[in-house]
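# Geometric and topological summary
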Amino acid sequence: MGKALDGVRILDFTHVQSGPTCTQLLAWLGADVIKVERAGEGDITRGQLRDIPGVDSLYFTMLNHNKRSITVDAKHPKGKQVLEALVKHCDVLVENFAPGALDRMGLTWEHIQSLNPRMIVASVKGFGPGPYEDCKVYENVAQCAGGSASTTGFDDGPPMVTGAQIGDSGTGLHLALGIVAALYQRKTTGRGQRVLAAMQDGVLNLCRVKLRDQQRLARTGVMEEYPQYPNTPFGDAVPRAGNASGGGQPGWILKCKGWETDPNAYIYFITQAPVWKDICEVIGRPEWLTDPCYATPKARLPHLMEIFGQIEEWTKTKDKFEAMDLLNKRDIPCGPILSMKEIAEEPSLRATGTVVEVDHPTRGKYLSVGNPIKMSESPSDVKRSPLLGEHTDEVLAELGYTQDQVAALRADKAI
Ligand code: COA
């Protein structure tokens with residue numbers, strides 16, 4: 001069976017995390033992704049956070065599956081010629097260099113268009129046009145500038161970044177969608193276009209509900225589902241909401257049996273209104289059903305933290321999986337706090353290919369996250385990441401270079 005993006009060729013000029021996330025997704029969807037790297041060092045992440053000396057790091061291997069690697073010195077005149085041949089050969093160029101770096105290599109939009117008017121040029125940058133457009137940006141800068149950090153954490157603590165890489169991987173995801181849309185539009189226009197995903201914009205898109213809350217706060221001065229209500233006054237900006245649910249259904253993280261020694265013995269508990277009766281029954285507080293202070297969702301809002309405290313007295317008597325079983329039987333929405341160790345060992349995630357074991361020639365077996373997007377007619381197989389320059393000869397042959405020409409390029413240090 002073919003893949004959704006069969007026949008699409010990607011000139012992958014990405015590095016670190018955001019761009020590679022995007023091109024890895026496109027590769028899983030079937031695109032031929034040719035990753036261009038500098039000879040000798042390659043993507044800086046090959047050598048970062050190494051757990052085995054001299055071997056490509058997990059950082060690199062887990063972000064570069066299903067790609068081919070070719071080494072080209074983009075600043076060498078003959079390397080530039082190889083790049084130009086790749087521009088003519090490919091459908092999409094994806095890059096996440098610092099602002100201006102692609103232009104400095106001579107690959108301006110105008111030049112690319114003159115070589116291949118059908119080419120789509122897709123970029124991740126830290127910021128869109130504006131005061132910060134020239135800045136270099138990493139994950140946590142984007143989380144801070146995109147509104148995530150100011151709204152994450154507890155009210156009495158500092159702003160917090162999250163473990164989910166919403167700036168890098170989140171923006172890579174946005175970019176991949178833009179590329180697929182541009183490929184679709186090219187079918188009718190016959191022309192490429194530029195696609196930009198700025199990390200600040202991507203994070204803000206994922207923090208959309210907090211901008212919703214900013215406007216609610218400005219209008220009413222209060223947000224009753226926030227843990228600050230009713231005891232702590234609100235300021236003029238959305239405060240950090242701890243573990244409160246972002247939606248209209250109040251939720252909180254509660255301790256479970258073993259919490260004193262296990263940092264992940266917790267459960268997320270949602271007091272969804274339709275199952276309030278079940279919640280009262282399961283935790284042994286049937287009187288709440290008729291008590292006017294607890295009987296309706298609106299009446300409960302000023303008492304939420306007290307209610308969660310009472311529910312916690314019950315969850316502390318069960319381990320998180322026992323609590324899950326009991327609550328799920330009554331359709332009470334909840335979720336165990338799973339550690340990465342538990343996720344790595346979870347058989348159902350292995351069965352769906354969401355967690356996969358991959359074999360690598362120098363690293364051996366390692367775990368990775370497979371494609372989270374499952375398509376019935378275009379399943380993804382996870383193939384190991386390429387060694388540095390592993391496909392240089394193969395790709396150059398496809399571009400029409402003879403073996404002697406490749407040897408000459410190598411002698412010139414252009415590849
Ligand atoms: N041959 C020759 N030169 C190459 C090359 C190749 N194959 N690949 C990269 N280079 C050069 C670039 O041309 C650039 O040179 P220049 O500064 O002289 O123009 C140089 O390598 C460094 O690139 P740069 O992107 O500036 O890397 P950096 O390590 O200094 O910065 C980031 C890293 C991530 C901060 C920066 O790339 C960035 O802000 N990217 C956009 C936002 C982003 O994606 N951030 C998240 C990353 S996960």
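Structure first, text after, so check above.
In short, a report on the structure. (Residues numbered from 1 in each chain as written. Predicted model: local features only at pLDDT ≥ 70, side-chain atom pairs only at ≥ 80, totals over all residues. Heavy atoms only, no water.)

## As for the site of the ligand
Around the ligand, the structure places 23 residues, and the nearest of them are Lys75, Ala98, Arg104, Lys136 and Val137. Here an oxygen atom of the ligand sits 3.0 Å away from a polar atom, N or O, in the side chain of Arg38. Between the ligand and the protein, one listed contact pairs an oxygen atom with a side-chain N or O atom of Lys75 at 2.7 Å. Coverage of the ligand by the protein chains reaches 85% of its 930 Å² of free accessible surface. Its residues placed into classes, the shell around the ligand shows 11 nonpolar, 5 polar and 7 charged. (Near = heavy atom within 4 Å. Polar contact = N/O pair within 3.5 Å; in protein donor to acceptor, adjacent residues only side chain to side chain. Areas by Shrake-Rupley, 256 points an atom, 1.4 Å probe, with all protein chains shown as cover. Nonpolar A, V, L, I, M, F, W, Y, C, P; charged D, E, K, R; others polar.)

## Digging into the packing of helix H10 (residues 276-283) against helix H12 (residues 304-315)
Two elements in contact, H10 and H12, have axes separated by 9 Å at closest approach and are oriented at 50°. Viewed along their axes, H10 and H12 adopt a mutual orientation that is oblique. As for the relative orientation of H10 and H12, their crossing is left-handed in sense. Seen from H10, the contacting residues are Trp276, Ile279, Val282 and Ile283; seen from H12, they are Ile307, Ile311 and Trp314. For the contact of H10 with H12, the residue count by class is 7 nonpolar, no polar and no charged. (Axes fitted to C-alpha atoms, helices over the stretch in contact; angles between N-to-C directions. Helix = DSSP H or I, 4+ residues; strand = E, 2+ residues; numbered from the N terminus. Parallel < 35°, antiparallel > 145°, perpendicular 65-115°, else oblique. Left-handed = near helix turned anticlockwise from the far one by under 90°. Contact = heavy atoms within 4.5 Å.)

## Examining the sheet that holds strand S9 (residues 334-336)
Judged by pairing direction, the sheet is antiparallel, and its 3 strands sit side by side in the order S7-S8-S9 without closing on themselves. Looking at strand neighbours, the two that pair on one side only are strand S7 (251-255) and S9, the edges of this open sheet. Adjacent strand axes in the sheet meet at a mean angle of 20° when their direction is disregarded. In the packing of H12 onto the sheet, contacts are made with S7 and strand S8 (266-270), and the angle to S7 comes to roughly 35°. (Pairing = 2+ DSSP bridges.)

## Some words on helix H13 (residues 320-329)
The set of residues buried in H13 consists of Lys320, Ala323, Met324 and Leu327. For H13, the buried positions fall inside an angular range of 105° around the axis, keeping them on one side. Check the buried side of H13 and you find it contacts S8, H10, H12, S9 and helix H14 (340-345). Put simply, Asp319 is the residue that caps the front of H13, since its side-chain oxygen is 2.9 Å from the backbone nitrogen of Phe321. (Buried < 20%, exposed > 50% of the residue type's maximum accessible area, 1.4 Å probe, protein only. Arc of directions from axis to C-beta.)

## Some words on the packing of helix H7 (residues 169-189) against helix H8 (residues 199-206)
Interaxial distance between H7 and H8 falls to 9 Å at its minimum, and their mutual angle equals 95°. The angle between the axes of H7 and H8 places the two elements in the roughly perpendicular class. Together, Gly170, Thr171 and His174 of H7 and Met199, Gly202, Asn205 and Leu206 of H8 make up the contact between the two elements. Partitioning the contact of H7 with H8 into residue classes produces 2 nonpolar, 5 polar and no charged.

## Considerations on the environment of Ala295
By the secondary structure assignment, Ala295 is in the loop between H10 and helix H11 (297-300). Taking relative accessible area as the criterion, Ala295 reaches 31% and is therefore assigned partly exposed. Sequence separation between Ala295 and Glu41 is 254 residues; the distance between their C-alpha atoms is 64 Å. Non-local contacts of Ala295, meaning those with residues more than four positions away in its chain, are made with Trp276, Trp288, Leu289, Thr290 and Arg300.

## Some points on the pairing of strand S10 (residues 355-360)
Pairing between S10 and strand S11 (residues 364-369): 6 bridges, direction antiparallel. In the sheet register, Glu357 faces S11, and the bridge partner there is Leu367. A loop of 3 residues connects S10 with S11, the two strands running antiparallel in sequence.

## Looking at the side chain of Arg68
Looking at the element boundaries, Arg68 is found in strand S3 (residues 67-71). For Arg68, the side chain forms a polar contact with the side chain of Asp32, separated by 2.8 Å. Sequence-distant contacts of Arg68, that is, excluding residues within four places in its chain, are made with Asp32, Val33, Ile34, Lys35, Pro386, His391, Glu394, Val395 and Glu398.

## Things to note about the sheet that holds strand S1 (residues 9-13)
Here 6 strands make up an open sheet; going across it, the order is S3-S2-S1-S4-S5-S6 and the pairing parallel. Single-partner strands in this sheet number two, and they are S3 and strand S6 (194-198). Going across the sheet, the axis of each strand differs from the next one's by a mean of 20°, ignoring polarity. In the sheet, strand S2 (residues 32-37) pairs with S3 via 5 bridges, with the strands oriented parallel. Directly across from Glu37, in S3, lies its bridge partner Thr71. Across the sheet, H7 is in contact with strand S4 (92-95), strand S5 (120-125) and S6; its angle to S6 comes to roughly 165°.

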